[in-house]
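Chains, contacts and geometry: an overview
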Amino acid sequence: MKRERAYELIRVIYHKDTVNFFKSIGLFDKLTSGEILCSVCGEKITIKNFRAVTRKSGKLLFCCDKDSCIQEFTSVSKGGKNDIVSGTDH
Amino acid sequence: MISFLELIIELVTKYGVWGIIVIFVVIIIYLLSVILDEDKSAAWRARFYKAVYKISGKSEAEKRYIENDISSRINLARRNMPFGKEYLPKAIKVQWVEGGEGKTAQIKENVLLIRLDPAESQERNIVLLANALVKRTSLVGIRYILEEPLEISIDLNLVKNLLREIGNKKILDWYLRNEYIPTIDSSDEIKKWNEKIVEIDERGLFTRLLLVELDDYSKRIAGKTETKEMFDEIAGLVEFLYKISTKAYGQDVPLDYITKNIKIGVILVGETSKILLTGIEPYLKAFAYKTQQQLTSIYVIRWDKEFLGTTDPKIYEQFVEITKKLDEKILEKFRVQKDFELKYICIDTLGNKRKARISRYIPEYVSQ
């Protein structure tokens, strides 16, 4: 067995830091005004249902906390075949 | 635990100071093995920070607990998932995004950021990251070819295996109830592929053969544009392994799979009486035939008869000896390299547990 250690770095956000996180990326106002949508199902992203974010082709893509959405989102964020097109320029 | 304490008491009462010294040395060796193993030490850190969090309720302790618990559980579990010579999938490293006030969080292209739940929902956090890890590190280079139902079925079973290896029923149950079963029930196509993957997995050929070949396949087609033929090749490989996995006693199934990009052969040593009666010659002939077909990899799969070792130790010993001889003769007579050999326990089509062994041989003409 090879013992080499290859890591996949996964960055995570602490549940109590969600507000600060949106402030730090300058999108807190958009979040509170309901302008950020889940790029899989189209639902409004809120502090409560926000699950993940990534950047694809320069656009920020968000995902809500539905299991079906996060499953699709995690594949797509790596560059999967199902291209998500709606996103937030930032 | 009680027998362990009894052993300590017996050692101290029987051997006095020497007994204490032996216990002390054993403890030191154990502590060293924990310190030198980053996953085991992460598990201890997780226990420590969990206790601190329970007492103090501090966010920093909660974060350290979540981070260490996820890393240790997933990374220790993946070490029990053989993928040919390697482990599957890659190890995970959890890094918190510091999005405090006045700080600017950077989100780079294709980097995934996941919001985790509080420590009280740690099962969900583990499932979330196991999912993300599998999707981002497995089937690399072929996801764009796979039709979604097959891709989902492979992912579902990889995550299930990873969570099963964690050995926590609560986590596995959460996954099966909330993700695995609802996803399978959502589509007939997923159900169809999933049934095949589960059968292949139960015979032990999912991570030890299918994923190994898919990994090789991704290297062979690197840079090529997706075609329907490529998906058909992969779907055909799954069907080929499914037929082998569901083969009834005495039933003939194809044992070679030859397409443009996949050329593999399988030799099954499943009937103990057959190899004991005929010896290894027929198997060597089959191996020679496969090398003539210019296959890129040849697998020899040995399934022991259930409980043979306990019911008839002598015949079992003969079986082990003769299969060992088969391996030696293959390496002696043919110009092949043994890529790996893995021992495992699987379940046969009748639901019986069987000891198994899979060896992969690569003919030298492949690497020339």
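Overview of the structure. (Residues numbered from 1 in each chain as written. Chains lettered and ligands numbered in written order. Predicted model: local features only at pLDDT ≥ 70, side-chain atom pairs only at ≥ 80, totals over all residues. Heavy atoms only, no water.)

Quick look at the nonpolar core
One finds A:Phe21, A:Phe22, A:Phe62, B:Ile74, B:Leu129, B:Leu163 and B:Ile301 to be the most contacted residues of the largest nonpolar core, which totals 107 residues. The element best represented in this core is helix H10 (residues 228–245) of chain B, accounting for nine residues. Excluding its chain neighbours within four sequence positions, the residues that come into contact with B:Leu129 are A:Ile10, A:Val12, B:Ile70, B:Ile74, B:Ile92, B:Val94, B:Ile114 and B:Leu116. Formed by 17 residues, the second largest nonpolar core is a distinct cluster that contains B:Ile275, B:Tyr283, B:Leu295 and B:Tyr361. (Core = buried A, V, L, I, M, F, W, Y, C linked by side-chain atoms within 4.5 Å. Buried < 20%, exposed > 50% of the residue type's maximum accessible area, 1.4 Å probe, protein only. Helix = DSSP H or I, 4+ residues; strand = E, 2+ residues; numbered from the N terminus. Contact = heavy atoms within 4.5 Å.)

Regarding helix H6 (residues 148–166) of chain B
Residues and elements named next belong to chain B. The terminal C-alpha atoms of H6 lie 27 Å apart, and with 19 residues this matches the ideal 27 Å at 1.5 Å per residue to within 8%. With 15 of 19 residues buried, H6 lies mostly within the body of the structure. Once H6 finishes, glycine 167 follows within two positions and takes phi at roughly 80°, a positive value. (Expected span 1.5 Å × (residues − 1).)

With respect to the pairing of strand S3 (residues 59–64) of chain A
Residues and elements named next belong to chain A. Burial analysis of S3 places five of its six residues in the buried class, the great majority of the element. Bridge analysis of strand S2 (residues 50–56) against S3 gives six bridges, and the strand direction is antiparallel. Within S3, the position partnered with alanine 52 by the bridge is cysteine 63. Between S2 and S3, which pair antiparallel in sequence order, lie two residues; one of them, serine 57, sits at a positive phi of approximately 50°. (Pairing = 2+ DSSP bridges.)

Looking at the packing of aromatic side chains
Per the stated rule, a full pass over the model turns up 11 aromatic pairs over all chains. Here the aromatic rings of A:Phe21 and A:Phe22 are separated by 5.7 Å at their centres, their planes lie at 80°, and the arrangement is edge-to-face. The class for A:Phe22 is buried, based on a relative accessible area of 0%. Ring geometry for B:Phe287 against B:Tyr361: centres 5.5 Å apart, planes inclined by 85°, an arrangement best described as edge-to-face. Note that B:Phe287 is positioned in helix H12 (residues 281–292) and B:Tyr361 in strand S9 (residues 353–363), a separation of 74 residues in sequence. On the basis of relative accessible area, B:Tyr361 is assigned to the buried category, the value being 0%. An aromatic cluster of three or more residues is present, and its members are A:Phe21, A:Phe22, A:Phe50 and A:Phe62. The ring centre of B:Trp44 lies 4.3 Å from the NZ or CZ of B:Arg47, which sits over that ring. Above the face of the A:Tyr7 ring, B:Lys93 is positioned so that its terminal group lies 4.7 Å from the ring centre. (Phe/Tyr/Trp six-rings, centres within 6.5 Å; stacked < 30°, edge-to-face > 60°. Lys NZ or Arg CZ within 6 Å of the ring centre and 35° of its normal.)

Describing the sheet that holds S9(B)
All names here are of chain B. Taken in spatial order, the five strands of this open sheet run S5-S6-S7-S9-S8, and their pairing is mixed. Every other strand in the sheet has two partners, leaving strand S5 (256–258) and strand S8 (336–347) as the edge strands with one partner each. Averaged over all pairs of adjacent strands, the angle between strand axes in this sheet comes to 15°, irrespective of strand direction. Inspection of the sheet shows strand S7 (residues 297–303) paired to S9 by six bridges, in the antiparallel sense. (Axes fitted to C-alpha atoms, helices over the stretch in contact; angles between N-to-C directions.)

Some points on the pattern of salt bridges
All names here are of chain B. Counted under the stated rule, the structure contains 35 salt bridges over all chains. A salt bridge links arginine 64 to glutamate 60; its shortest N-O distance comes to 2.4 Å. Separated by four residues within a single helix, arginine 64 and glutamate 60 lie in helix H4 (residues 59–78), roughly one turn from each other. Judged by relative accessible area, glutamate 60 falls into the partly exposed class, the value being 45%. (Salt bridge = Lys/Arg side-chain N within 4 Å of Asp/Glu carboxyl O.)

Considering the interface of chain B and chain A
Taken together, the contact pairs 58 residues of chain B with 47 residues of chain A. The contact between chain B and chain A buries some 5200 Å² in all, and 49% of this surface belongs to carbon and sulfur atoms. Our count for the contact surface shared by chain B and chain A stands at 29 residue pairs in polar contact (both at pLDDT 80 or more). Those elements that provide at least two residues to the side of chain B that touches chain A are helix H3 (38–56), H4, strand S2 (86–87), strand S3 (91–96), strand S4 (113–115), helix H5 (122–137), H6 and helix H7 (169–185) of chain B. Counting residues per element, the side of chain B that touches chain A draws most heavily on H5(B), at eight residues. Classifying every residue of the side of chain B that touches chain A by side-chain character gives 23 nonpolar, 12 polar and 23 charged. Sheet topology note: the strand S1 (residues 7–13) of chain A/S3(B) ladder contains six bridges and is parallel. Each bridged residue has a counterpart across the sheet, and for A:Leu9 the counterpart in S3(B) is B:Lys93. (Buried area = accessible area lost by both parts, 1.4 Å probe. Polar contact = N/O pair within 3.5 Å; in protein donor to acceptor, adjacent residues only side chain to side chain. Nonpolar A, V, L, I, M, F, W, Y, C, P; charged D, E, K, R; others polar.)

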